[in-house]
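# A look at the structure
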Amino acid sequence: MNRELSEIYGETRLAPTLRPGEVIIPDDLSSHKSPKAAATMSAVGAWF
């Protein structure tokens, strides 16, 4: 998985299932270190 696909997954699949206060812990995979993904998760109130 590359960064673009990870961001799309975060926006379309993961973020809609999250509730405020939930925590997402990414591993060291470079595609998981996306500022856009962090912003998407923060927008729904999750900790990234």
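So, a few notes on the structure that sits alongside this text. The structure displayed is predicted, hence computed values, not measured ones.

## Considerations on the pattern of salt bridges
Counted under the stated rule, the structure contains one salt bridge. With its nearest N and O atoms 3.2 Å apart, the salt bridge here joins Lys 36 to Glu 11. Highlighted residues: Lys 36 in helix 2 (residues 35-43) and Glu 11 in helix 1 (residues 3-14), separated in sequence by 25 residues. What makes Lys 36 partly exposed here is its relative accessible area of 45%.

## A short note on the layout of surface pockets
Within this model, the largest pocket holds a volume of roughly 200 Å³. Along the walls of the largest pocket sit 13 residues, with Ser 6, Leu 14, Ile 24, His 32 and Phe 48 positioned nearest its centre. Going through the elements one at a time, helix 1 and helix 2 are the ones with two or more residues in the lining of the largest pocket. Sort the elements by how many residues they give to the lining of the largest pocket and helix 1 lands first, with four residues.

## Description of a nonpolar patch on the surface
Taken together, the side chains of Met 1, Leu 5, Ile 8 and Tyr 9 make up a nonpolar region of the molecular surface, amounting to roughly 440 Å² of accessible area. As for its position among the elements, Ile 8 is in helix 1. Using a relative accessible area of 42% as the deciding quantity, one classes Ile 8 as partly exposed.

Reading guide: rules and limits
- Residues numbered from 1 in each chain as written.
- Predicted model: local features only at pLDDT ≥ 70, side-chain atom pairs only at ≥ 80, totals over all residues.
- Heavy atoms only, no water.
- Salt bridge = Lys/Arg side-chain N within 4 Å of Asp/Glu carboxyl O.
- Helix = DSSP H or I, 4+ residues; strand = E, 2+ residues; numbered from the N terminus.
- Buried < 20%, exposed > 50% of the residue type's maximum accessible area, 1.4 Å probe, protein only.
- 1 Å grid on protein atoms, 1.4 Å probe; cavity = no way out; pocket = protein on both sides within 12 Å on 5 of 7 lines; lining within 4 Å.
- Points joined across faces, edges and corners; volume = space filled by probe spheres on them.
- Patch = residues over 30% accessible without salt bridge, like charges linked within 9 Å, V, L, I, M, F, W, Y side chains within 5 Å.
- Areas by Shrake-Rupley, 256 points an atom, 1.4 Å probe, with all protein chains shown as cover.

As far as function goes, none of this settles anything; it's purely spatial.
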